[in-house]
Amino acid sequence: ETEARRPVMLPAGRLARRVLRRARPVGRRGACRLSAPRRAEEVSGFSKAATTYLDAFYNPSGAAEIAAETAWPAGESDDDIVRQVVEQLQKKDGESSMEVKLRGSVLESTDARRLATVRAPVGPQGRPSEREFSVVMPSKQDVLDMLEARPELPADYELREKWFEPLEKFYNTYLDQRTTHVAMNAAWHQSPISASKAAWTEIAALMAQSLRSSKAALESSRTNFRFNIDMAGKVKDALVMPPSNFAMLGIKDIFHMWCNGYRVIAVVQPHFYPHFQHVQEQAIEAGIPEDMLEVFPGITPDADPEVLHEILRRAARLQFTGSSNMFGALVKKAIDMGNTDMEYAGEVSGLNKFTVEGVDVNRASVREALAWAITANNGELCTSTSYVEADPSAFDSVKSGVEGVNFPTGLVEDPSTVIVKRSDKAPNVDVVVDQSVQLKEWWEKKALVGPANPDVRTSRSLGYCVYAPTIEEALEKTMPEYASCLYGAGCEAPDDAPQPRVGTTGAQVPQSVFGGMKTFTDAVGGDHDGVGSVQSNVYLAKSNSFSWRDNEEPSSEYELSDRVEMLFDFLEAEDQKAFLPVMTKTLDIMWGLAKEEPGPVYYGQPMSNSPDGARTKMISLRALKQTRLQPVLTTAGSELPADVIKFAIMREMSPFVNSPVHMHILTPFVSGGLRQVVDPLKSFLRVAPKLGWTVHEHADWAALVKHFEGDDGFPPYLLALPGKRKHIAPDLLKTVAGRMGYVYEALESDPLHLFRQVTTTQAWSAAVDDEREAAARSKLRELWIKHGLKHGEEGYSSPVPGRSIKPGKKANDDFGNFDMDM
């Protein structure tokens, strides 16, 4: 006997959902009885396991532990850092070269191997550079030999927990040697000590997330049997290329790839080689096999380009941070060389915008926030502001106000330095008011101020900031935008009072995320989920195959709308049966994260007008969004791949607001110009507009390529069905890569990986003082419910909707008789 619960009534126009009775097995396997209706607090076994897994690194408890574990010790003296910075910069007696090892052996100088000269960027106390030495770069044959030789893994490598013992030791060594990493980063990159400490903290937090994600998945494999680590990179090579402006990011990329089982080949700029040689030594001391990390200098005009080309020809994955042009060129080169299967992920440069609306540009917090957004790291941050959007009457005030701000500029070994004085950089900030100047990413302390301009899209940005009269207005103004990180600041405080300050940068991990918004901004390239995002970390785990657990434990059951039931009817019976549990478990993950709340306070830039140097309070909400995947049918005719239907079902069932879908088909034409499309594809093309999809028909591959050569404002992410990349026209692959997009070969069948594929993360952050903290939290929650969730307040506060009506076998094969009045 069961009793149906009262329906949960949603506003008109939304799909009504209700929680119904469900059957739950009890006793011996296979014996069932009808249970009492599920209460709101009851959750499925898979959902409980997913929550436990996410608690380790993403949910508030795990994030708080990571933040405490990776925080720089309060009050610690910088004396040791200063000493080591000077040691790195000063000339060393007898030093003429630095060893480079490949496969554990030192490379000797030969005619076949080129040399690179490494010079310290400056000498101690700002004197001319005095430290200089050479490094041997491997030849093409050296690299070929390396690629042919597989890593000699320990005998207990298959005992997966053994692999993470040396990784954890490496991570702990990184924490213990914090002053060395900070000093090497500051010296060789000419980064202020304070900025290098912040960089160390971010890298530590990201490594902690990767390690905790892997260990939590491994623990799940022994306890609730729901998840396991994903060693997809086992006996494969990952090419890691750190950026010129934040080389330490390469360390977290190396570690992340290790957690996935890859052997890492790190090709670095020569002047960063000393730091990465130190990383390599730490790895060996931690017990990581020598050939699991190969490091050598190679990003230099002196290098043999064939060396990098051979790696691109063989690498299974490219993990890149830096210039979008270089990233696209590397991927296209790999495709030209026949490596169409290479996965590639890039966090690339962005054109970032700062909007000042309805407030005085001469206000202290506005002037200083703009100046910092333009000048931080000498304008070389990937989040440096390039465009300031203001009222035309305020252009000159913006210029004079920002150029009048002076941050402490000095030597790299001075802990008080905020901007390092560099001979290769302009000495002062430059705000351009001449509207005839072409906007670009300056990579300098420079920005263009102009009016609101729809052509300056935040789909090209990593960061976007708004200053408005109130924090509520500022956050509301950011909502239609596409940048990975949105920042809002109000101007409620009196002119002479301490004022919160933020710019187009400031998000901190693990309290926030950075560089996400895959498919929304071309400042993220390829299969990259950003740093600190839930998608990036579930990349390291996988769901175990469906087994007896699904019959022994409670499972969620989601009611299907008439529209979704109709979509299920396009699937064969066996596809229906296989997909239903995948859908249900993926929805369990989604609904668990739909209850997102603004996170804990973390501290950002110093407040303006603060007599004691108090820092701005930052509050972030990690907003999940549906990705902008575009199904592409790569075969013409009547074939309707099941993955197209599954993708449509997941969009309809997701709690997150839908994003536009563009579907592409190659349509054969017969004489007379009539298209030759038959069922079931013909019927689905009638259904697609009802789902809100736009269908594009292309006569051939050339027409499809031409379509994607155009710029609609977003990088193209294609779900190419059916087939492999090697069966797709190379020109299409290169066009997509050149626009920072990606081609997926199939819809994932693993719930964790499917969740990662169809969602992305955007960070919404508020900069506040004590008085506005509560208002900011309330506004962030309100905006999440309004702009993030498909069913608004009802979807946020109600229990997860009820059971699925499991679709049965197809009633008939006549695809022309669907009720189209959906």
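Preceding this paragraph is the structure being described.
No experiment lies behind these values; they were computed from the predicted model shown.

What about the overall build of the protein chain?
Next, step 1: Regarding its fold elements, the protein chain presents 25 helices and 31 strands.
Next, step 2: When contacts within the protein chain are restricted to residue pairs at least 6 apart in sequence, those whose partners lie at least 24 apart make up 79%.
Next, step 3: About 32,000 Å² of surface is accessible on the protein chain, with carbon and sulfur atoms providing 48% of the total.

Concerning the packing of aromatic side chains
Next, step 1: The tally for this structure, following the rule as stated, stands at 22 aromatic pairs.
Next, step 2: With a centroid separation of 5.7 Å and an interplanar angle of 85 degrees, the aromatic rings of phenylalanine 570 and phenylalanine 684 are classed as edge-to-face. With phenylalanine 570 in the loop between helix H17 (562-568) and helix H18 (573-593) and phenylalanine 684 in helix H20 (residues 681-687), this pair connects stretches of sequence that are 114 residues apart.
Next, step 3: Connected via pairs of aromatic rings, a cluster forms that spans Phe320, Phe327, Tyr344, Tyr742 and Tyr744.
Next, step 4: Sitting above the plane of the tryptophan 72 ring, arginine 178 keeps its charged end 5.7 Å from the centroid.
Next, step 5: For arginine 622, the ring lying beneath its charged end belongs to tyrosine 58, and the centroid distance is 3.7 Å.

As for the nonpolar core
Next, step 1: Of all hydrophobic cores here, the largest spans 241 residues; its most connected members are Trp258 and Phe684.
Next, step 2: At 13 residues, the largest contribution of residues to this core is made by helix H7 (residues 193-222).

Some words on unusual backbone geometry
Next, step 1: The step from valine 509 to proline 510 runs through a cis peptide bond, and the omega angle for that step is 15 degrees.
Next, step 2: Along the chain, proline 510 turns up in the loop between strand E21 (485-490) and strand E22 (524-526).
Next, step 3: In the segment running from aspartate 679 into proline 680, the intervening peptide bond is cis, with an omega of 10 degrees.
Next, step 4: The phi angle at asparagine 378 is positive, at roughly 60 degrees, despite the residue not being glycine.
Next, step 5: For asparagine 378, the location among the structural elements is in the loop between helix H12 (364-375) and strand E15 (385-389).
Next, step 6: Accessibility expressed as a relative area gives 3% for asparagine 378, which makes it buried.
Next, step 7: We note that asparagine 609 has phi near 65 degrees; this positive angle belongs to a residue other than glycine.
Next, step 8: Within the secondary structure, asparagine 609 is located in the loop between strand E24 (602-606) and strand E25 (615-626).

Details of helix H4 (residues 140-148)
Next, step 1: Buried within H4 are the following residues: Asp142, Val143, Leu144, Met146 and Leu147.
Next, step 2: On its buried face, H4 sits against strand E4 (101-102), strand E9 (237-241), strand E10 (263-268), strand E11 (293-297) and helix H10 (305-314).

Comments concerning the environment of threonine 458
Next, step 1: Summarising the element assignment, threonine 458 is placed in the loop between strand E19 (446-450) and strand E20 (463-468).
Next, step 2: For the pair threonine 458 and threonine 521, spaced 63 residues apart in sequence, the C-alpha to C-alpha distance is 7.3 Å.
Next, step 3: Beyond its immediate stretch of four places on either side in the chain, threonine 458 contacts Lys353, Tyr464, Glu481, Tyr482, Ala483 and Thr521.
Next, step 4: In terms of polar contacts, threonine 458 uses its side chain to reach the backbone amide nitrogen of tyrosine 482, at 3.0 Å.

Let's talk about the pattern of salt bridges
Next, step 1: Counted under the stated rule, the structure contains 50 salt bridges.
Next, step 2: Close ionic contact of arginine 422 with aspartate 424 constitutes a salt bridge, the shortest N to O distance being 2.9 Å.
Next, step 3: The residue arginine 756 makes a salt bridge to aspartate 529 at a minimum N-O spacing of 2.7 Å. Of this pair, arginine 756 sits in helix H23 (residues 751-758) while aspartate 529 sits in the loop between E22 and helix H15 (534-538); the two residues are 227 residues apart in sequence, bridging distant segments of the chain.
Next, step 4: The structure contains a network of salt bridges with shared partners spanning Arg317, Glu343, Lys518, Asp527, Asp529 and Arg756.

Here we look at the packing of helix H2 (residues 60-69) against H7
Next, step 1: Running from N to C, H2 and H7 point in directions that differ by 135 degrees, and their axes come no closer than 9 Å. Considered as vectors, H2 and H7 are oriented oblique to each other. For H2 against H7, the interelement crossing comes out right-handed. Contacts between H2 and H7 involve Gly62, Glu65, Ile66 and Glu69 on the former and, on the latter, Ala205, Ala208, Gln209 and Arg212.
Next, step 2: Residues of the contact of H2 with H7, tallied by class, amount to three nonpolar, two polar and three charged.

A short note on the sheet that holds strand E18 (residues 430-432)
Next, step 1: Spatial ordering of the open sheet is given by E18-E19-E15-E14-E20-E21-E31-E25-E24, a layout of nine strands whose pairing is mixed. Sheet topology places E18 and E24 at the edges, where each strand pairs with a single neighbour. Sheet twist, expressed as the mean angle between neighbouring strand axes with direction ignored, is 25 degrees.
Next, step 2: Strand direction decides the pairing type here: E20 and E21, joined by six bridges, are parallel. What sits directly across from tyrosine 467, in E21, is alanine 489.
Next, step 3: Where H23 meets the sheet, its contacts fall on E25 and strand E31 (759-768), and the angle it forms with E31 comes to roughly 60 degrees.

Points about the side chain of threonine 385
Next, step 1: Within the secondary structure layout, threonine 385 lies in strand E15.
Next, step 2: Those residues in contact with threonine 385 that lie beyond four places of it in its chain are Asn352, Phe354, Ala373, Ile374, Lys446, Ala447 and Thr504.

Considerations on the state of the cysteines
Next, step 1: Counted according to the given criterion, the structure contains zero disulfides.
Next, step 2: Not engaged in a disulfide, the cysteine cysteine 465 finds its nearest cysteine sulfur in cysteine 491; these two sulfurs lie 9.9 Å apart.
Next, step 3: The class for cysteine 465 is buried, based on a relative accessible area of 0%.

Points about the packing of helix H1 (residues 45-55) against H18
Next, step 1: For the pair H1 and H18, interaxial distance at closest approach is 9 Å and the crossing angle is 50 degrees. Relative to H18, H1 is oriented oblique. Handedness of the H1/H18 crossing: right-handed. Contact residues: Phe46, Ser47, Ala50 and Leu54 in H1; Lys585, Asp588, Ile589 and Leu593 in H18.

A look at the pairing of strand E14 (residues 352-356)
Next, step 1: Across the five residues that make up E14, a large majority, five, are buried.
Next, step 2: You can see the chain leave E14, run along H12 and come back into E15, and the turn it takes is right-handed.
Next, step 3: In the sheet, E14 pairs with E20 via four bridges, with the strands oriented parallel. Bridge pairing in E20 links threonine 355 to valine 466.

Re helix H21 (residues 701-709)
Because an α-helix packs 3.6 residues into every turn, residues spaced three or four apart end up facing the same way.
Next, step 1: Looking at H21, one finds that the buried residues are Leu704, Val705 and Phe708. Angular distribution of buried residues about the axis of H21 spans 100 degrees; they occupy a single face of the element. Exposed residues on H21 whose side chains face more than 90 degrees from its buried face are Ala702, Lys706 and Glu709.
Next, step 2: Buried residues along H21 sit in contact with strand E26 (629-633), strand E27 (661-666), strand E28 (693-698), strand E29 (717-721) and helix H22 (730-738).

Considerations on the environment of serine 324
Next, step 1: Take serine 324: it is sitting in helix H11 (residues 324-336).
Next, step 2: For serine 324, a relative accessible area of 19% corresponds to the buried category.
Next, step 3: Once the C-alpha coordinates of serine 324 and serine 349 are considered, the two residues, 25 residues apart in sequence, prove to be 5.8 Å apart.
Next, step 4: Leaving out residues up to four positions away in the same chain, serine 324 has contacts with Val348, Ser349 and Met740.

Conventions adopted
Residues numbered from 1 in each chain as written. Predicted model: local features only at pLDDT ≥ 70, side-chain atom pairs only at ≥ 80, totals over all residues. Heavy atoms only, no water. Helix = DSSP H or I, 4+ residues; strand = E, 2+ residues; numbered from the N terminus. Contact = heavy atoms within 4.5 Å. Areas by Shrake-Rupley, 256 points an atom, 1.4 Å probe, with all protein chains shown as cover. Phe/Tyr/Trp six-rings, centres within 6.5 Å; stacked < 30°, edge-to-face > 60°. Lys NZ or Arg CZ within 6 Å of the ring centre and 35° of its normal. Core = buried A, V, L, I, M, F, W, Y, C linked by side-chain atoms within 4.5 Å. Buried < 20%, exposed > 50% of the residue type's maximum accessible area, 1.4 Å probe, protein only. Polar contact = N/O pair within 3.5 Å; in protein donor to acceptor, adjacent residues only side chain to side chain. Salt bridge = Lys/Arg side-chain N within 4 Å of Asp/Glu carboxyl O. Axes fitted to C-alpha atoms, helices over the stretch in contact; angles between N-to-C directions. Parallel < 35°, antiparallel > 145°, perpendicular 65-115°, else oblique. Left-handed = near helix turned anticlockwise from the far one by under 90°. Nonpolar A, V, L, I, M, F, W, Y, C, P; charged D, E, K, R; others polar. Pairing = 2+ DSSP bridges. Disulfide = S-S within 2.5 Å. Right-handed = clockwise from strand over helix to strand, strands pointing away. Arc of directions from axis to C-beta.

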